[in-house]
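# Descriptive structure summary
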Amino acid sequence: MRKTFINLKKIVVKVGTKVLTKDGCLEEKQIENISNQIKWLVKKGIKVILVSSGAIGAGMGILGFKKRRRLLPLQQGLAAIGQNELMNKYSKFLRPNLAAQILLTREDLNQRQRYLNVRNSLLTLWQWNVVPIVNENDSVSVEEIKFGDNDQLASLVANLISADLLLILSDVGGLRSSPPAPRLRRAGQNEIISVVEKITPTIEKMAFKEKGDLTKGGMVSKIQAARIAANGGIPTVVAQGREKGIIEKVIKGEQKGTLFLPCQKRLKARKSWIAFSSLPHGDVIIDQGAKEALVKKGKSLLCSGIIGIYGKFKIGDIVRILDKDKKELGRGLVHYSSQEIEQIKGLQSNQIEAELGYKDYEEVIHRDNLYCPAGEESG
Ligand code: GLU
């Protein structure tokens, strides 16, 4: 048995398309199955956010499409049709609990104020004992502002509300030590790793992309999601969503799926937003001395250590911090625009005013607005 999640108060449950659809159609009995388990959680006084895929799959079923359409406008249309169907079914099966729909684009979590607005909205729904059902707003999302997949979205939502557990229900069933042979897969004999203490490059290599007509995820994206959650101090379980009573089993500590343990040191909410929720607007390239100051000593970034920039960004934007070999070291929120940094790069902080005519900040990126994993020891 695993340590049970006895003190579980807040959980994000993510359900993948393959759990909810069969032969290109939404499977009503699966929505009922998941809804009943969510009701069980609510009854226990646990606050739940359900992140559900399946809109595009449902749309395909309604229009009788057999294969996933790659063109974005078609996906957008399918999602618009299917989302409605998906919500109708959840509303029906979650009764007497109320369900509420929250559709998000990357932009909603990218901007700090909108990020906090989403949070407030979710917390209000919880106060009213309503189950928020989140999905990507596929009908308006374009490639540049997409989350990528709902695994990532779920982990960002888990961080947003400081969940105690992220539970990803999929047909993958967990992280396997080797890709499953189809025969073994049918027999359910794949070797699933029960606990991952730390997401190392070896663990990442074990993930392999499963091909699917309706889905985007696969184990690679689940590991990325688990990493984001782990940095926020949140454990993730990836388990087989079609198994009866799976949520209860996981919560009671049965060895189901793979448990990814959280990092020891929980990243503060603001740093977690800088690291994972916001999209970078440009790059700042730094020299070796600054690299050591940031990564080893956890210091702020000064203009003296900057050797170049890419892109155009404003004060308050998030940028990637790169070393001279273009390796990403971290991310941070800048106190100076790209135009200003062009002027002050390489200077000492006491020369800023002479160059710009003002000096609002000593640092280009203050350490409180900086995420540098090696410096944070947050893995
Ligand atoms: N948002 C998509 C849908 O509802 C699913 C994305 C994913 O598979 O991760 O169909």
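Look up a bit, the structure's there.
Only a predicted model underlies this, so the values are computations on that prediction, with no experimental measurement involved. (Residues numbered from 1 in each chain as written. Predicted model: local features only at pLDDT ≥ 70, side-chain atom pairs only at ≥ 80, totals over all residues. Heavy atoms only, no water.)

## Quick notes on the sheet that holds strand E10 (residues 258-260)
One open sheet accounts for eight strands, arranged E5-E6-E4-E1-E7-E9-E10-E8; its pairing is mixed. If you trace the sheet from one side to the other, it starts and ends with strand E5 (99-104) and strand E8 (195-196), each paired once. Summarising the sheet, strand E9 (residues 236-240) and E10 pair through three bridges and their orientation is antiparallel. Looking at E10, one finds that valine 238 is bridged to threonine 258. With respect to the sheet, helix H4 (residues 72-94) is in contact with strand E4 (47-52), E5 and strand E6 (131-136), its orientation differing from that of E5 by roughly 150 degrees. (Pairing = 2+ DSSP bridges. Helix = DSSP H or I, 4+ residues; strand = E, 2+ residues; numbered from the N terminus. Contact = heavy atoms within 4.5 Å. Axes fitted to C-alpha atoms, helices over the stretch in contact; angles between N-to-C directions.)

## Digging into the sheet that holds strand E12 (residues 306-310)
Strands sit in the order E12-E11-E13-E14-E15 across an open sheet of five strands; the sheet is mixed. What marks the edges here is a single partner per strand, and that holds for E12 and strand E15 (370-371). In terms of strand pairing, strand E11 (residues 282-286) meets E12 through four bridges, oriented antiparallel. Note that in E12 the partner of isoleucine 285 across the bridge is glycine 308.

## What to know about the layout of surface pockets
Rolling a probe over the atoms, with the probe sized like a water molecule, indicates the empty space that remains. Its boundaries defined by the atoms lining it, the largest pocket holds a volume of some 530 Å³. The wall of the largest pocket is formed by 22 residues, among which Ala275, Phe276, Glu328, Arg331 and Tyr371 lie closest to the centre. Listed by contribution, the elements that provide at least two residues to the lining of the largest pocket are helix H7 (150-160), helix H10 (218-231), helix H12 (269-277), helix H13 (288-295), strand E14 (328-333) and helix H16 (373-376). In terms of residue class, the lining of the largest pocket is built from ten nonpolar, six polar and six charged. (1 Å grid on protein atoms, 1.4 Å probe; cavity = no way out; pocket = protein on both sides within 12 Å on 5 of 7 lines; lining within 4 Å. Points joined across faces, edges and corners; volume = space filled by probe spheres on them. Nonpolar A, V, L, I, M, F, W, Y, C, P; charged D, E, K, R; others polar.)

## A word on the packing of aromatic side chains
Evaluated as defined, the whole model comprises two aromatic pairs. Judged by centre distance (6.3 Å) and plane angle (55 degrees), the ring pair of tyrosine 115 and tryptophan 273 falls under tilted. Of the two residues, tyrosine 115 is situated in helix H6 (residues 112-127) and tryptophan 273 in helix H12; the sequence distance between them amounts to 158 residues. Residue tyrosine 115 shares its accessibility class with tryptophan 273, and that shared class is buried. (Phe/Tyr/Trp six-rings, centres within 6.5 Å; stacked < 30°, edge-to-face > 60°. Buried < 20%, exposed > 50% of the residue type's maximum accessible area, 1.4 Å probe, protein only.)

## Structural notes on unusual backbone geometry
The linkage connecting arginine 95 with the following residue, proline 96, adopts the cis geometry, with an omega of 10 degrees. With respect to the element layout, proline 96 can be found in the loop between H4 and E5. In this model, asparagine 129 sits at a positive phi of 60 degrees, which is unusual for a non-glycine residue. Considering the arrangement of structural elements, one finds asparagine 129 in the loop between H6 and E6. The phi angle at serine 162 is positive, at roughly 50 degrees, despite the residue not being glycine. The exposure class of serine 162 is partly exposed, given its relative accessible area of 30%.

## A closer look at a positive patch on the surface
Side chains of Lys296, Lys297, Lys299 and Arg367 sit close together on the surface and give a patch of like positive charge. Structurally, lysine 299 is set in the loop between H13 and E12. With relative accessibility at 42%, the residue lysine 299 sits in the partly exposed group. (Patch = residues over 30% accessible without salt bridge, like charges linked within 9 Å, V, L, I, M, F, W, Y side chains within 5 Å. Areas by Shrake-Rupley, 256 points an atom, 1.4 Å probe, with all protein chains shown as cover. Salt bridge = Lys/Arg side-chain N within 4 Å of Asp/Glu carboxyl O. Lys, Arg positive; Asp, Glu negative; His and termini not counted. Charge placed at Lys NZ, Arg CZ, Asp CG, Glu CD.)

## Observations concerning the environment of glycine 59
Looking at the element boundaries, glycine 59 is found in helix H3 (residues 55-63). Look at glycine 59 and you get buried, because its relative accessible area is 0%. As for glycine 59 and methionine 219, which are separated by 160 residues in sequence, their C-alpha atoms are 25 Å apart. Residues in contact with glycine 59, not counting those within four places in the same chain, are Leu78, Ile81 and Gly82.

## A word on the site of the ligand
Close to the ligand lie nine residues; Ala55, Ile56, Asn135, Asp138 and Asn150 are nearest. Residue aspartate 138 places a side-chain N or O atom 2.7 Å away from a nitrogen atom belonging to the ligand. Alone, the ligand offers 300 Å² of accessible surface; in the complex the protein occludes 98% of this. Taken together, the residues of the shell around the ligand sort by class into two nonpolar, four polar and three charged. (Near = heavy atom within 4 Å. Polar contact = N/O pair within 3.5 Å; in protein donor to acceptor, adjacent residues only side chain to side chain.)

## Description of the environment of serine 300
In this structure, serine 300 sits in the loop between H13 and E12. As a C-alpha pair, serine 300 and lysine 205 span 95 residues in sequence and 33 Å in three-dimensional space. Residues contacting serine 300, with those up to four places away along its chain left out, are Leu294, Glu363, Ile365, His366 and Arg367. For serine 300, the side chain forms a polar contact with the main-chain nitrogen of arginine 367, separated by 2.9 Å.

## Observations concerning the environment of asparagine 117
Tracing the backbone shows asparagine 117 in helix H6. The sequence separation of asparagine 117 and glutamate 27 amounts to 90 residues, and the corresponding C-alpha distance is 33 Å.

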